[in-house]
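# Structural overview for review
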Amino acid sequence: MPNDLPDLDSYDRKILAALVEEGRLSMTELARRVGLTKSPVQARVKRLEESGVISGYRALLSPIRMGLAHVAFVEVRLSDTREAALRAFNRAVRALPEIEECYMVAGGFDYLLKVRSRDISDYRRVMGEKISALPHVAATSTYVAMEAVQEAGGVISPPV
């Protein structure tokens, strides 16, 4: 974690919470919600962007409405965990749109993947043709999600 983390006051946190909830707010509406005028809010948002606290803006798509209702979590063990092998695996994972999230973990396996697909047969194809073919994959274990109880779709807002 970087040592130069920005100090966030209560107004910064309110701005972030509002933008996480609704990223398309106008500066006027954002100012109204946080209790400041437009100019200081614009300056704060610019500072939050420049410091990297706000790293970008995007549309959140509904995977269900896009036909991607099937979610599987995949444990991956690699045959080689030297730095070059890890870099090759990471680079290859980033090229697969079906892999929604990927984490290197400490424990009984090396990576945990969140994979989205249309259905179980589509997942089987993704597993057989893409995930199993990733560099240095030695073994995988799949866990199919039955229901999304809570799904963030982005970073959780800091406490206000």
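Scope of this entry: the structure provided in the associated data block. (Residues numbered from 1 in each chain as written. Predicted model: local features only at pLDDT ≥ 70, side-chain atom pairs only at ≥ 80, totals over all residues. Heavy atoms only, no water.)

### Some words on the overall build of the chain
- Summing up its helical and strand segments, the chain has 5 helices and 4 strands in all.
- Counting from the amino terminus, the chain carries its helices and strands in the arrangement α-α-α-β-α-β-β-α-β.
- In terms of C-alpha radius of gyration, the chain reaches 20 Å, well past the compact-globule figure of 15 Å for 160 residues.
- For the chain, the C-alpha atoms occupy an extent of roughly 55 × 40 × 25 Å along the three principal directions.
- The buried share among the 160 residues of the chain stands at 28%.
- In the chain, 67% of the contacts between residues at least 6 apart in sequence involve partners at least 24 apart.
- Surface accessibility of the chain: about 10900 Å² in total, with carbon and sulfur atoms responsible for 53%.
- Where the 22 positive side-chain charges of the chain centre and where its 21 negative ones centre are 3 Å apart. (Helix = DSSP H or I, 4+ residues; strand = E, 2+ residues; numbered from the N terminus. Rg over C-alpha atoms; globule rule 2.2 N^0.38 Å. Buried < 20%, exposed > 50% of the residue type's maximum accessible area, 1.4 Å probe, protein only. Contact = heavy atoms within 4.5 Å. Areas by Shrake-Rupley, 256 points an atom, 1.4 Å probe, with all protein chains shown as cover. Lys, Arg positive; Asp, Glu negative; His and termini not counted. Charge placed at Lys NZ, Arg CZ, Asp CG, Glu CD.)

### Comments concerning the nonpolar core
- Core analysis: the biggest nonpolar cluster contains 17 residues, and Ile99, Leu113, Val115 and Ile131 have the highest contact counts within it.
- Among the secondary structure elements, those contributing two or more residues to this core are strand S1 (70–78), helix H4 (83–94), strand S3 (111–117) and helix H5 (120–131).
- Within the second largest apolar cluster, 12 residues are counted, among which are Leu16, Ala18, Leu30 and Val45. (Core = buried A, V, L, I, M, F, W, Y, C linked by side-chain atoms within 4.5 Å.)

### Some thoughts on the environment of histidine 70
- Relative to the assigned elements, histidine 70 resides in strand S1.
- Overall, the relative accessible area of 11% leaves histidine 70 in the buried class.
- Taking the C-alpha atoms as reference points, histidine 70 and serine 132, separated by 62 residues in sequence, lie 18 Å from one another.
- Histidine 70 has contacts with Val115, Arg116, Ser117, Arg118, Asp119, Ile120, Tyr123 and Val144, leaving out every residue within four places of it along the chain.

### Observations regarding the pattern of salt bridges
- Summed over all chains, the structure comprises 18 salt bridges.
- In this structure, the salt-bridge partner of glutamate 22 is arginine 33, at a minimum N-O distance of 3.3 Å. Here glutamate 22 is found in the loop between helix H1 (10–21) and helix H2 (27–34), whereas its partner arginine 33 is found in helix H2, with 11 residues between them in sequence.
- Close ionic contact of arginine 32 with glutamate 29 constitutes a salt bridge, the shortest N to O distance being 2.6 Å. With arginine 32 and glutamate 29 both in helix H2 and 3 residues apart, the pair spans about one turn of that helix.
- A residue is classified by how much of its surface remains accessible, and glutamate 29, at 23% relative accessible area, is partly exposed. (Salt bridge = Lys/Arg side-chain N within 4 Å of Asp/Glu carboxyl O.)

### Comments concerning H1
- Between its terminal C-alpha atoms H1 stretches 16 Å, which fits the 16 Å expected from 12 residues at 1.5 Å a residue.
- Those residues of H1 that sit buried are Asp12, Ile15, Leu16, Ala18 and Leu19. The buried residues of H1 all sit within an arc of 165° when viewed along its axis, so they share a single face.
- Sitting at the amino-terminal end of H1 is aspartate 9, which places a side-chain oxygen 3.0 Å from the backbone nitrogen of tyrosine 11. (Expected span 1.5 Å × (residues − 1). Arc of directions from axis to C-beta. Polar contact = N/O pair within 3.5 Å; in protein donor to acceptor, adjacent residues only side chain to side chain.)

### Quick look at the side chain of lysine 114
- Looking at where lysine 114 falls in the secondary structure, it is placed in strand S3.
- For lysine 114, a relative accessible area of 8% puts it in the buried group.
- Polar contacts involving the side chain of lysine 114 include one to the side chain of glutamate 151, which spans 2.7 Å.
- Those residues within four positions of lysine 114 in sequence are excluded, and the remaining contacts are Val71, Ala72, Phe73, Glu98, Ile99, Glu100, Glu101 and Glu151.

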